[in-house]
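Here is what each chain is made of, one letter per residue.
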Amino acid sequence: FALVLAACGGGSGAKSSEDYTKENPLVIKFSHVTAIDSVKGKSADYFAQLVDEKTDGRVKVEVYPSSQLYGDADELDALMSGNVHMIAPSVTKMVKLDPRWQYVDMPFLFQDAEHVQAFFDSEVAQSLFKADALASNDIMGKAFWPNGFKNFSSNKNPLVKPEDFAGQKFRAQAGKVLEAQFKALNAGSATISFGETYAALQQGTVDGTENPHNNFDTMKFYEVQKYYSTSAHGRLDYAIFVNKSFWEKMPEDLGKLVDEALAEATTYAQGLAADENAKSLEKIKSAGSVEVYEMSQAERDVLKEAMQPVYDEFADVITKELIDGIEALKK
Ligand code: LMR
């Protein structure tokens, strides 16, 4: 009988809790694209450590950072097919499944980090996880992790006024909203995966990019960019997605501990992001290789006005429900 059970369980993932030991752990593969010392990298490693502690080594989270296993182009496919079990993409990249995730790219939609957190905690945010496009692709959304406000950089000239962007080409993460954002500034854009962005900036394939301080710092983009402006014109945030069948097949007791660890790692990520981004800005300034321009609110307001066409074009795609829902959470 034991043999039959073992045969049934073999390879299907439907093992029972006792089958997993320190020597023979349940392995969760977690792939991401940023550096080990980034906000996402540290939070992913902390999650792995918590899972190890809580399950006494019976569940092992293998974290693959820096696009070493899968990059932007293929991590979502790898999750759907179960080749990895967990990813934490910048939500922009979920545009492939549901265009509403581009809410995050709507210029100047979020006021500050508290506003972003209020959104993460809201029903409006949860509604994104309920989309059929996730479940039908065997994916489940579990949590939101913040990174920070994006800032523009370039090799051509300082970027402060809308006209400063004209004719330049920028690296974008994905999607039509970011394309429209650059178009509103009379600039072009190209979708380039995060792992290839340093080389694209170095080789001049693109003139500039946009990222939170922490990504700009931990990827050393300051080495290949001359000008950096604290525009804070949009957000870059993450959501944790897991392979649904894999998650649901975890023995209940272990799954509960893993979910507990994820909730704690989420609190950790949410506490870490703003501080790490502030530290990274100081590092970027002290690196000395990039000229940092600290933008005033009045200068940001001029950019905001110039980017209004993005709302005219995409408010319906993102949906009124989502945009108004986010606006309503502003303090
Ligand atoms: C980017 O591609 O710029 C970001 O999404 C990378 C990341 O995951 O923070």
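Please refer to the structure higher up on the page.
This structure is a prediction, so every number in the text was calculated from the model and none was measured.

Student: Summarise the site of the ligand; cite the residues concerned and give the values.
Tutor: For the ligand, the set of nearby residues contains 13 residues, the closest of which are K40, K93, R171, Q173 and Y238. Contacts to the ligand include K40, whose side-chain N or O atom sits 2.6 Å from an oxygen atom. Side-chain polar atom of K93 to an oxygen atom of the ligand: 2.7 Å apart, as the coordinates give it. Burial of the ligand by the surrounding chains reaches 100%, relative to a free accessible area of 270 Å². When its residues are assigned to classes, the shell around the ligand shows four nonpolar, five polar and four charged.

Student: Outline helix 14 (residues 320-327), supporting the account with residue identities and numerical values.
Tutor: Taken residue by residue, helix 14 has L322, I323, G325 and I326 as its buried positions. Looking straight down helix 14, one finds that the buried residues subtend no more than 165° of arc, so they occupy a single side. Facing away from the buried side of helix 14, by more than 90 degrees, are the exposed residues K320 and E321. In this fold, the buried residues of helix 14 make contact with helix 4 (113-120), helix 5 (123-129) and helix 13 (308-318).

Student: Explain the pairing of strand 1 (residues 26-31) residue by residue, including any values.
Tutor: When strand 1 meets strand 2 (residues 59-64), the two strands line up parallel, connected through six bridges. Looking at strand 2, one finds that I28 is bridged to V61. Viewed along the sheet, the connection from strand 1 through helix 2 (residues 39-55) into strand 2 turns out right-handed. Bridge count for strand 1 against strand 3 (residues 86-87) is two bridges, and the pairing is parallel. Each residue of the ladder has a partner; that of S31, found in strand 3, is I87.

Student: Help me get a handle on the packing of aromatic side chains, residues and values and all.
Tutor: According to the stated counting rule, one finds 24 aromatic pairs in the structure shown. Between Y103 and F110, the aromatic rings sit 6.1 Å apart at their centres with planes inclined by 70°, giving edge-to-face as the arrangement. An identical accessibility class is assigned to Y103 and F110; each is buried. Seen in terms of ring centroids, F165 and F170 are 5.8 Å apart; in terms of plane orientation they differ by 35°. Their pairing is tilted. Take F165 and F170: they sit in the same class, and that class is buried. Put simply, the rings of W101, Y103, F110, F119, F120, F129, F144 and F241 touch in pairs and so form one group of aromatic residues.

Student: Give me the pattern of salt bridges: which residues, what numbers.
Tutor: All told, the structure shown has 21 salt bridges when counted by the stated rule. With a closest N to O distance of 3.4 Å, K244 and E248 form a salt bridge. Separated by four residues within a single helix, K244 and E248 lie in helix 10 (residues 244-249), roughly one turn from each other. Looking at K244, the relative accessible area reads 24%, which means it is partly exposed. Put simply, K42, E276 and K279 are held in one network by salt bridges that share partners.

Student: How would you summarise the pairing of strand 4 (residues 139-154) if you had to cite specific residues and measurements?
Tutor: For strand 4, a buried count of 14 out of 16 residues is recorded, marking the element as mostly surrounded by other parts of the structure. Of the pairings in the sheet, the one linking strand 4 to strand 8 (residues 227-243) comprises 13 bridges and is antiparallel in character. Counterpart to F152 in the pairing with strand 8 is S229. When strand 4 meets strand 7 (residues 208-211), the two strands line up antiparallel, connected through four bridges. Bridge pairing in strand 7 places F152 opposite E210.

Calculation rules
Residues numbered from 1 in each chain as written. Predicted model: local features only at pLDDT ≥ 70, side-chain atom pairs only at ≥ 80, totals over all residues. Heavy atoms only, no water. Near = heavy atom within 4 Å. Polar contact = N/O pair within 3.5 Å; in protein donor to acceptor, adjacent residues only side chain to side chain. Areas by Shrake-Rupley, 256 points an atom, 1.4 Å probe, with all protein chains shown as cover. Nonpolar A, V, L, I, M, F, W, Y, C, P; charged D, E, K, R; others polar. Buried < 20%, exposed > 50% of the residue type's maximum accessible area, 1.4 Å probe, protein only. Helix = DSSP H or I, 4+ residues; strand = E, 2+ residues; numbered from the N terminus. Arc of directions from axis to C-beta. Contact = heavy atoms within 4.5 Å. Pairing = 2+ DSSP bridges. Right-handed = clockwise from strand over helix to strand, strands pointing away. Phe/Tyr/Trp six-rings, centres within 6.5 Å; stacked < 30°, edge-to-face > 60°. Salt bridge = Lys/Arg side-chain N within 4 Å of Asp/Glu carboxyl O.

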